[in-house]
Amino acid sequence: MSDKIIIGIPNKGRLQEKTFNLFMKSGLEIIRNHGDREYYGKMDGIDNVDVVFLSPREISMELNAGTIDIGITGLDLIYENIYQADKHVKCLAKLDYGFADVVVAIPISWIDVDSIIDLDDIAFKFRMANKRRLRIATKYPNISREFFSKKGFADYLLVESLGATEGSPAYGSAEAIIDITSTGSTLLANELKTLVDGTILKSESCLFVSVNAKWTVNKKKYLEELFGKISMQINIDKDSQKDFLENLS
């Protein structure tokens, strides 16, 4: 088994660009071995670190599986895809990009619905009138159920969103949605509004470390070396880093 640190990097888009720039400022250039479609790469400026390019969702799942050691992805995907996430991954730094909120959104035409209590009321009336529960489309079923449970709201049916979630009410596959938004402009363009108490999670890109990875003595040393190189650009919590390294198996 290799002792190298394996880091998961977003495979495309603005998150990848910002991640590349973040490491570049630390003197570490991320290089794809054979162009933009290559899944593997390296980090020029440090030895014993391999790079894999994955979707943000895949990064969260591979961190949980322990097949990558560290990775950059969003809080939303960590909490959606990892049960009791804090037991399996540790967030050592927030990266000051990738900001977005997971929110409950409803049609603007529901003028008397502004809160979860209002939604609960209209859901009851909807079920009485239509003989079925109000449908909510989402790609976040796990954190949605947990949120609604805490709010005491149960009269709904989650439906899986396979495409553009914000379009679900318009083409009739759901009455409301739970989706991620950064500016709210896409929701507004689809004639949707967020509930005043409907923010489920405020997400951003973070540097995560896998508790479930196989940590050898050498890998711990390489991790400390990497953290030392990026510490000027990434505000890693020193106490969390020390606690994490001391408690690795």
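For the structure, check the block above.
What counts, and where the lines are drawn
Residues numbered from 1 in each chain as written. Predicted model: local features only at pLDDT ≥ 70, side-chain atom pairs only at ≥ 80, totals over all residues. Heavy atoms only, no water. Salt bridge = Lys/Arg side-chain N within 4 Å of Asp/Glu carboxyl O. Helix = DSSP H or I, 4+ residues; strand = E, 2+ residues; numbered from the N terminus. Buried < 20%, exposed > 50% of the residue type's maximum accessible area, 1.4 Å probe, protein only. Expected span 1.5 Å × (residues − 1). Arc of directions from axis to C-beta. Lys, Arg positive; Asp, Glu negative; His and termini not counted. Polar contact = N/O pair within 3.5 Å; in protein donor to acceptor, adjacent residues only side chain to side chain. Contact = heavy atoms within 4.5 Å. Phe/Tyr/Trp six-rings, centres within 6.5 Å; stacked < 30°, edge-to-face > 60°. Lys NZ or Arg CZ within 6 Å of the ring centre and 35° of its normal.

(A) Examining the pattern of salt bridges more closely. Counted under the stated rule, the structure contains 10 salt bridges. Between Lys219 and Asp69 there is a salt bridge, with the nearest N and O atoms lying 2.7 Å from each other. Of the two residues, Lys219 sits in helix α7 (residues 217-230) while Asp69 sits in the loop between α2 (56-65) and β5 (70-74), which places them 150 residues apart along the sequence. Judged by relative accessible area, Lys219 falls into the buried class, the value being 5%.

(B) Fine view of α7. The end-to-end C-alpha distance of α7 is 21 Å, a good match for the 20 Å that 14 residues give at a rise of 1.5 Å each. Along α7, the positions that sit buried rather than exposed are Lys219, Tyr222, Leu223, Leu226, Phe227 and Ile230. Buried residues of α7, viewed axially, fall in a sector of 140 degrees; they line one side.

(C) Quick look at the side chain of Asp76. Examined against the element boundaries, Asp76 turns out to sit in helix α3 (residues 75-81). Arg57 is the oppositely charged side chain nearest to the buried, salt-bridge-free Asp76, at an N-O distance of 10.0 Å. Engagement of the side chain of Asp76 in a polar contact is seen with the side chain of Tyr140, the distance being 2.7 Å. Dropping the residues within four chain positions of it, Asp76 is found in contact with Val102, Tyr140, Ile143, Ile180, Leu201 and Ser203.

(D) View of the packing of aromatic side chains. Taken as a whole, this structure holds 5 aromatic pairs when the rule is applied. Plain terms: the ring middles of Phe20 and Phe53 are 6.2 Å apart, the flat faces sit at 50 degrees to each other, and that makes the pair tilted. Pair noted here: Phe20 is in helix α1 (residues 13-24) and Phe53 is in strand β4 (residues 49-54), with a separation of 33 residues, a long-range link. Residue class for Phe20 comes out partly exposed when judged on its relative accessible area of 22%. Aromatic side chains Phe147 and Phe148 sit 5.8 Å apart centroid to centroid with 50 degrees between the ring planes, which places their arrangement in the tilted category. For the pair shown, Phe147 and Phe148 are each scored as buried. Ring-pair connections join several aromatic residues into one group, and the members of that group are Phe147, Phe148, Phe153 and Tyr156. The residue whose ring lies beneath Arg32 is Phe53, and the NZ or CZ to ring-centre distance is 4.1 Å.

Purely spatial values, then, with no claim about function.
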